[in-house]
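# Fold and geometry: a report
Listed here are the chains, written in short residue letters.
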Amino acid sequence: MSRNGISAAIARTSAVAAHMSTSTQAAPLEQPVLFESNGATRTYVLNRASKLNALSGDMLKLMRPQLEQWSKSDLCKIIVGTGIGRAFCAGGDVATVLQHSLHDATRPKAIEFFKDEFEMDYILSALPKPYVTILDGITMGGGVGLAISAPFRVATEKSVFAMPETKIGYCPDVGASFFLSRIDGEIGTYLALTSETLAGREVFELGFATHFVSSRTVPNLLTRLSDLEDPTFAMIDRTIEDHHAKRLPDEPIGKLTGRTRQALDMAFRHDTVEEIVEDLTKLASTSDDLVARWASETLETLHMRSPTSLKVALEAVRRGKEMTLLQVLQMEMGIATAYCSGASADFTAGITAVLVDKTRGRPTWSPDQLNDVSDAIVRRFFDKDSSYLSAMPTLTPPDFISNSKQNPMKFALPSEDAILQIVKSKARKDPISLSDLLAHFDTLYPGKHGVAEKVVEVVKRNCDVIGNQGLEVVNYKEQL
């Protein structure tokens, strides 16, 4: 299909898949973003339910001045982000971005969308007011960017979380190289490359949300927040914790736990996609049926993804671990500019396959195989002297945001590293009992739901637990 043919096909598309929805013109009385004032709270409501609240350039331009006004208002105590319908936000409007990127005259519009989006993500990370996001539904791609830096991220049983960009020949952005590189173990690397989804409680348990409540209690939670007088961060945290939904007896455990998680961390620890595939291939032949099945399915998933996107995504996540959020967003601005400027044909091929032709099979990637994606191709997206980055703009955060960023993990469950550091520090003297370890974290996180469950899962996966129930002693196992 010619570039003009692709452009015409996209223009004819009336609806698109979840993460990559096209823009529609808002009806006169139906703005794509609504703004509400209620007591202590000021709320933006993403209002494109038929498009799963896919983020358009118009929405970003509406939100920015309103956020500035709220940031400067003494009446605004808490900023809340929500969405109408089945999604918080299913992602960015990449179909329109592709249409703009196909022509020299409109390519600046494509790049401008990413600039506006990434600046919005940074603004939301540094608001001078407490920020709460309600992830009561699909939260993917650009939606994750709006939510992930909030100190309070509330998941429900309806939450569906993903960074699905490698499916369409693109790369995780909106700060993904920052937050995915800091999540426990290699979960972030796995999600960046595979585009797999997390659902419900595991969004909270793996650290992408800070709290978990039942969807039906969200209206009452929002009312309670709006009723707070001069709310502190601690008051907001306690209010959300009061709405915590406990695990049901028949509720399944998260899929990235136990032996599967051990295999994931081993396979995805590498700095090249080829080494990851090699380890997964070995694991697919192991005698452990659970691990072998997971490894085989993961290999099949990676085969479906753009080889170029896999290598660019892995390089970005590895670089992002040593960068600030703003530095990561600037790097991702370069990656987005390169894709818009023709650095990879996969951007066109992937979006066309997923959005226009809606094929279920593997898109026609070029290069088609991992070993054909050279280092020179990957450098197109990162090197300062790359011709594909010549149109890259510099992100310019506004002056109304706070100089001190809020810690997005302060109210989340303790990290795996934090748990193991305590175990290892105690082991230098005497092994710590499991009950003492749980008591230690109960003191550090008073009233925080889910802490004990996470500590036990981390300990069982990484340590030897010896003794009868109630008298267990924890010994750290040195990892190979």
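Whatever comes next refers back to the structure up there.
Our subject in this report is the structure included herewith. (Residues numbered from 1 in each chain as written. Predicted model: local features only at pLDDT ≥ 70, side-chain atom pairs only at ≥ 80, totals over all residues. Heavy atoms only, no water.)

## Details of helix H19 (residues 434–444)
Leu 434, Leu 437 and Phe 441 are the residues of H19 that are buried. Summarising the axial view, the buried residues of H19 lie within an arc of 60°, below the 170-degree limit, and thus occupy one face. (Buried < 20%, exposed > 50% of the residue type's maximum accessible area, 1.4 Å probe, protein only. Helix = DSSP H or I, 4+ residues; strand = E, 2+ residues; numbered from the N terminus. Arc of directions from axis to C-beta.)

## Description of the sheet that holds strand E13 (residues 473–476)
What the three strands build is an open sheet, ordered E11-E13-E12; its pairing is antiparallel. The outermost strands of the open sheet, each flanked by one partner alone, are strand E11 (432–433) and strand E12 (463–466). Where E11 meets E13, two bridges bridge the pair, whose relative direction is antiparallel. Across the sheet, the residue bridging to Ile 432 is Val 474, located in E13. The sheet strands contacting helix H20 (residues 451–462) are E12 and E13, and the helix crosses E12 at an angle near 100°. (Pairing = 2+ DSSP bridges. Contact = heavy atoms within 4.5 Å. Axes fitted to C-alpha atoms, helices over the stretch in contact; angles between N-to-C directions.)

## Digging into the packing of aromatic side chains
To describe a pair of aromatic rings, one takes the distance between the centres and the angle between the planes. Per the stated rule, a full pass over the model turns up 16 aromatic pairs. Considering the side-chain rings of Tyr 170 and Phe 347, the 5.5 Å spacing of their centres and the 45° angle between planes classify their relative orientation as tilted. With Tyr 170 in the loop between strand E8 (160–162) and helix H6 (176–179) and Phe 347 in helix H16 (residues 346–356), this pair connects stretches of sequence that are 177 residues apart. Centre to centre, the rings of Tyr 190 and Phe 268 are 5.4 Å apart; their planes meet at 90°, and the pair counts as edge-to-face. With Tyr 190 in helix H7 (residues 187–194) and Phe 268 in the loop between helix H11 (258–267) and helix H12 (273–283), this pair connects stretches of sequence that are 78 residues apart. Accessibility classification places Tyr 190 together with Phe 268 in one group, the buried group. Lying across the ring of Phe 178, Arg 182 places its NZ or CZ 3.8 Å from the centre. (Phe/Tyr/Trp six-rings, centres within 6.5 Å; stacked < 30°, edge-to-face > 60°. Lys NZ or Arg CZ within 6 Å of the ring centre and 35° of its normal.)

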